[in-house]
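Residues per chain, in single letters:
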Amino acid sequence: MGVVYKARDTKLDRIVALKFLPARLLSSTDEVARFEQEAKAISALADPHIATIHDIDEADGQRFLVLEYLPGGTLKEKLKGLRVEGTELPITDVVSYGLQIAEGLSHAHRRGIIHRDIKTDNIMLTEGGHLKITDFGLAKLKGGVELTRAGSTVGTASYMSPEQVQSLTVDQRSDIFSFGVVLYELLTGRLPFRGEHDASLAYSVVHEEPPAPHTLRPGTPPALEQIVLRCLEKETQKRYQTADDIAYALRHLGEMKESPKEAPASHVRRTWILVPVSVLLAVVLLYLFPPWKSSHTERKSVAVLPFKNMSEDKENEYFSDGITEDIIAQLSKIEDLRVPSRASVMRYKTSDRTPQQIARELNVGTILEGSVRRSGNRVRIVAELIDARNDERLWTETYDKELTEIFAIQSAVAREIASALKARLSPEESRRLDVKPTENVEAYTDYLKGREFYYRYHRADNDTATELFKKAIALDGHFALALAGLGDSYAQRAGKFGYPEAWVDSSIAISQQAIALDPALGEAYKALSLGYEFKGWLQKTGDVLQKAYALNPKYVPTLGNMGFNYLMRGKPDEALPWLLKAIALDPAFVFQYFGVGDAYTHLGEYPTAEQWLDRAIALQPDLIYAHSKICDLAIIRGDYRKAEEHARRILAIDPEDGVGLNYAGDVALFQGHLEEGRKLYERAVGRQGMTEETPRRNSTRLGFILLKLGEAKLARAMLDRSIRDDEDALSRGNEWYAIPLDIACVHAVRGETQEAIRWLQKAQDAGWTESAIAMKDPLMEGLRKNPNFLEVLAKADRRVEEMRNRVRESQNTVAEPSNR
């Protein structure tokens, strides 16, 4: 592909590498195009683990690339040297090198570039011993022209993926297989697949399993071996799906050491164990629903799969989904049954998994399947209850009735299932099963649609949900559930999406109206608590949530919001049990994963926090709040590249999102990029002043930047605005620690040290403990040498340590949420 020379750039007085296209290939249009494509590929990348391109040029009819000079040689050469010496690459170096390669690949893949020739020859070392990926001559660019002839292969045979060997279409998972070959080679000193000629080598790649690394290198940590072998899975869907996944796994191997090759009998061999989120969730589920209960009790759990729409009119899809939702709601009223939520089961709507597989994934004993056919004013529903262990039909029934009897049908289904599973049904639960949410089926369908949009947590979706709730209420003014939904969406408008605070007052009024119509409706109390939360009335919020929990202990949003209430009061240790119980009841309710990540951030357990936030993003890639919290973590750690990446991802989801603008501004501010920060905060001001995701006013941050830029008059105006808003919030009873914290920041920016520390102490009394960010926050730079300021931070650290110890003490069990 090229001839490379070491050269001196006489203009900039630096050593570079010049890569020439060999003269014999100049006449080949494909080779010239591929050479230019390499330049395009590298120029699109800017990562410390990818070699830099300086220029592409032509002289005397010869094309060449001007590349970064890497004096450390290739990984292949390093491994050869180790073999000559009779030594192996230390395990810690294997992990470090693997992580660097994975991070470089992740950067390329995110920009739509697949390398297609990852091998130890194409990975070079810097003078300092760090790695850089080189040679993108075979790279496949997103949207670029494919330069390989159909049916031909590209790459180096020993490192090719099975799909490359077979000339199939490749994606980033092909690079992941090649990465696995490299990691195997780093670990064992040999390649996983061998053959005397290309055909036998290709057969080995496609059909044979490589020797387990520990058979070639005794003492290989099992967790590392697991990562290597997963990369080398023949089927693409069984591999890691992204290089980010590999980087995460390597990053969390801990202090990796080599297991002893021969351990005396008196010593216990150390085993390396990874504990991913899925295992932690399993522990939570096992605590709540122990497997040692009798099989009779095990069957008292049922997953209601999405009912199939058998109607010719596809608009009835929402109606069939509504049937599913309401049966779930009815069954959830029975305390003796465990029922996964609609969010958990709807992902199986188009799935080809068997009932047994679904039951295992949802940890239930039975499955309810059904179909709905709606024709005019009649509806036909077929329902079937299946024992997931042996596929036995426990109960089946067909209902063919008038549409007006739909709620009676759903109640009958709930009773029949309770009877089939021998679940206890109290007189109060029996009464509640007979309560109709509304007499208007169309209103109920609109309500269900509204809930679906509401839980996407985006401004446009919230607007859609609001209109659907209004439509339902217009059809039935006494529909308490729809009023509760409208109360929720009104509160979110102001609390998360930048609407005026008057919407919170409307939320409270609407929610109180719902409670007046149905005093036993837990969803209405939860909606009221949301309005109180955005007012900052945190004690009242907690009291109302306790009422909601007492009325409906299985309503997951109530559990989650109780966790967030404790977070806003500076009690992450008390927030965790609520959030974990919410996840155990509904593993698909993604917002709670963000909450757990937030709690561990407050506890200073950053790797654990990142794990939960990564899980939230994996479940919902456009969840803005998880990205914002990762920004926080990255800023605390000084990883501004990662912080900037996630801020950009928020703005890619919604370019005018206030949270995204604030965090993008923070990344610029913390790096000293004042002009850039100014532009971002100026866009943010007026959209969103302060939410639980951004506990400082953007006007305060903008005021600081303006002061630094010498615009004192504008700076004073911004800071005065912040103080007015904060004082107004305090006068109306706002208890959130962010208010005194923001006042402390204003005084710090003004140089009023004693007042700043006094208000910081008030913030601490209200629950503030974030000393790590305070030590980096440019707004507090004038306080950092003050002994009183340092004492406030030390006190915060002591309090965090106390909470962290309480959490650690309860790690062997999952405590029930407190009722305080």
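Sequence order as written defines residue numbering, which begins from 1 separately in each chain. Thresholds applied to this predicted model are a pLDDT of at least 70 for local features of residues and 80 or more for the giving and counting of side-chain atom pairs; totals over whole chains, interfaces and linings are not thresholded and use all residues. Hydrogens and water are ignored here; the side-chain numbers use all heavy atoms of the structure.

## Digging into the overall build of the protein
- Within the protein one finds 36 helices and 13 strands.
- Partly exposed residues are those whose accessible area sits between 20% and 50% of the maximum for their type, while under 20% is buried and over 50% is exposed, using a 1.4 Å probe and protein chains only. Per-residue burial over the protein gives 55% buried out of 820 residues.
- Here, residues are in contact when the closest pair of their heavy atoms is within 4.5 Å. Pairs at least 24 apart in sequence give 63% of the contacts found in the protein among residues at least 6 apart.
- To be clear on the numbers: accessible area is Shrake-Rupley with a 1.4 Å probe, and residue cover counts the displayed protein chains and nothing else. Here the protein has roughly 35400 Å² of accessible surface; of this, 50% comes from carbon and sulfur atoms. Runs of E in the DSSP output that reach at least two residues are strands. Runs of H or I that reach at least four are helices, and both are numbered from the N terminus.

## Focus: the sheet that holds strand β3 (residues 53-59)
- Pairing is antiparallel in the open sheet, where four strands are placed in the order β1-β2-β4-β3. This sheet does not close on itself; its edge strands, each paired only once, are β1 (3-9) and β3. Neighbouring strand axes in the sheet, compared pairwise and without regard to direction, differ in orientation by 30° on average.
- A strand pair is defined by DSSP finding two or more bridges across the two strands. Sheet topology places β1 next to strand β2 (residues 14-20); seven bridges connect them, and they run antiparallel. Bridge pairing in β2 links Tyr 5 to Leu 18. Axis definition: a line fit to C-alpha positions, over the contact stretch in the case of helices; interaxial angles, taken between N-to-C directions, run 0 to 180 degrees.

## Focus on helix α15 (residues 406-420)
- A helix is expected to span 1.5 Å for every residue after the first. Between its terminal C-alpha atoms α15 stretches 21 Å, which fits the 21 Å expected from 15 residues at 1.5 Å a residue.
- Listed in full, the buried residues belonging to α15 are Ile 406, Phe 407, Ile 409, Gln 410, Ser 411, Val 413, Ala 414, Ile 417, Ala 418 and Ala 420.
- Lys 422, located one to two residues past α15, shows a positive phi value of around 55°.

## Some details on the pattern of salt bridges
- The term salt bridge refers to a side-chain nitrogen of Lys or Arg lying within 4 Å of a carboxyl oxygen of Asp or Glu. Throughout the structure, instances matching the rule amount to 49 salt bridges.
- Note that Glu 610 is salt-bridged to Lys 642, the shortest N-O span being 2.2 Å. A residue pair is termed long-range when its members are at least 10 positions apart, and Glu 610 in helix α26 (residues 606-619) and Lys 642 in helix α28 (residues 640-653) qualify at 32 residues.
- Glu 644 is the partner of Arg 648 in a salt bridge, and the nearest nitrogen-oxygen pair spans 3.5 Å. Within this pair, Arg 648 and its partner Glu 644 are both found in helix α28, separated by four residues, close to a single helical turn.
- Arg 648 sits in the partly exposed class, given a relative accessible area of 44%.

## Section: the packing of aromatic side chains
- Two aromatic rings, drawn from Phe, Tyr or Trp (for Trp, its six-membered ring), form a pair once their centres lie within 6.5 Å of each other, and the interplanar angle then sorts them: stacked below 30 degrees, edge-to-face above 60, tilted otherwise. A full pass over the atoms with the stated rule returns 19 aromatic pairs.
- Ring centres of Tyr 447 and Phe 479 lie 5.6 Å apart, and the angle between their planes is 55°; on these two criteria the pair is classed as tilted. Placement of Tyr 447 in helix α17 (residues 441-454) and of Phe 479 in the loop between α18 (459-475) and α19 (480-496) is noted, with a sequence separation of 32 residues between them.
- The class for Tyr 447 is buried, based on a relative accessible area of 6%.

## Quick look at the nonpolar core
- The definition of a nonpolar core used throughout is a set of buried Ala, Val, Leu, Ile, Met, Phe, Trp, Tyr and Cys residues joined through side-chain atoms within 4.5 Å. Within the largest apolar cluster, 97 residues are counted, with the highest numbers of intra-cluster contacts made by Tyr 625 and Trp 768.
- For this core, the leading source of residues is helix α27 (residues 624-637), giving nine residues.
- In this structure, Ala 484, Ile 515, Leu 530 and Ala 548 belong to the second largest nonpolar core, which totals 78 residues.

## Structural notes on the confidence of the model for the protein
- Confidence of the predictor in every single residue is expressed as pLDDT, which spans 0 to 100. With 86% of its residues at a pLDDT of at least 70, the protein reaches an overall mean of 83.
- Across residues 141-153, where pLDDT falls below 50, the model places 22 contacts with residues more than four positions away in sequence or in other chains.
- When the criterion is pLDDT under 50, residues 254-297 qualifies, and its contacts beyond four places in sequence or with other chains add up to 64 contacts.

## Considerations on the packing of helix α20 (residues 502-517) against helix α21 (residues 522-535)
- Axis separation between α20 and α21 bottoms out at 8 Å; the angle between their running directions is 160°. It follows that α20 is roughly antiparallel to α21 by the angle criterion. For α20 against α21, the interelement crossing comes out left-handed. Facing α20, whose interface residues are Val 504, Asp 505, Ser 507, Ile 508, Ser 511, Gln 512, Ala 514 and Ile 515, α21 presents Ala 524, Tyr 525, Ala 527, Leu 528, Gly 531, Tyr 532, Phe 534 and Lys 535.
- In this classification, Asp, Glu, Lys and Arg are treated as charged, Ala, Val, Leu, Ile, Met, Phe, Trp, Tyr, Cys and Pro as nonpolar, and every other residue, Gly included, as polar. Taken together, the residues that form the contact of α20 with α21 break down as ten nonpolar, four polar and two charged. Roughly parallel means an angle under 35 degrees; roughly antiparallel means over 145; roughly perpendicular covers 65 to 115; every other angle is labelled oblique. Should the near helix be turned counterclockwise from the far one by less than a right angle, the crossing is left-handed, whereas a clockwise turn marks it as right-handed.

## Topic: the packing of helix α29 (residues 658-670) against helix α31 (residues 698-708)
- It is at 11 Å that the axes of α29 and α31 come closest, and there the two elements cross at 30°. Here α29 is positioned roughly parallel relative to α31, judged by the angle of their axes. Where α29 crosses over α31, the handedness of that crossing is left-handed. Along its contact with α29, which presents Asn 662, Asp 666 and Leu 669, the element α31 presents Asn 698, Arg 701, Phe 704 and Ile 705.

## Quick word on the side chain of Asp 488
- In this fold, Asp 488 is placed in helix α19.
- By relative accessible area, Asp 488 is classed as buried at 0%.
- Ignoring sequence-local partners within four residues, the contact set of Asp 488 consists of Arg 451, Tyr 454, Lys 526, Ala 527 and Leu 530.

## Digging into the pairing of β3
- Taken together, the six bridges between β3 and strand β4 (residues 62-68) define a ladder with antiparallel strand orientation. In the sheet register, Ala 59 faces β4, and the bridge partner there is Gln 62.
- Between β3 and β4, which pair antiparallel one after the other, the connecting turn spans two residues, and Asp 60 there sits at a positive phi close to 50°.

## A closer look at the environment of Ala 643
- Here Ala 643 shows up in helix α28.
- Counting along the chain gives 25 residues from Ala 643 to Ala 668, while the straight-line C-alpha distance between them is 9.8 Å.
- For Ala 643, the residues in contact, after removing those within four places along its chain, are Cys 631, Ala 634, Ile 635 and Val 667.

## What to know about α19
- Counted at 1.5 Å a residue, the expected span for α19 with its 17 residues is 24 Å, and the 24 Å between its end C-alpha atoms agrees.
- Just downstream of α19, Gly 498 is the residue with a positive phi angle, here 80°.

## A word on unusual backbone geometry
- Positive phi outside glycine occurs at Asp 13, with the angle close to 50°.
- Within the element layout of this structure, Asp 13 appears in the loop between β1 and β2.
- The phi dihedral of Arg 116 is positive, around 70°, even though this residue is not glycine.
- Turning to its location among the elements, Arg 116 is positioned in the loop between β5 (113-114) and β6 (123-125).

## So, the environment of Gln 330
- For Gln 330, the location among the structural elements is in helix α12 (residues 317-332).
- The buried category is assigned to Gln 330, whose relative accessible area is 3%.
- The spacing of Gln 330 and Arg 432 is 102 residues in sequence and 8.4 Å in space, taken between C-alpha atoms.
- Setting aside residues no more than four positions away along its own chain, Gln 330 makes contact with Gln 410, Ser 411, Ala 414, Arg 432 and Leu 433.

## Comments concerning the environment of Thr 769
- When you line up the elements, Thr 769 lands in the loop between α34 (753-765) and α35 (771-774).
- Considered as a pair, Thr 769 and Leu 793 are 24 residues apart in the sequence and their alpha carbons are 7.7 Å apart.
- Excluding anything up to four places from it in sequence, Thr 769 contacts His 602, Ala 796, Arg 799, Val 800 and Met 803.

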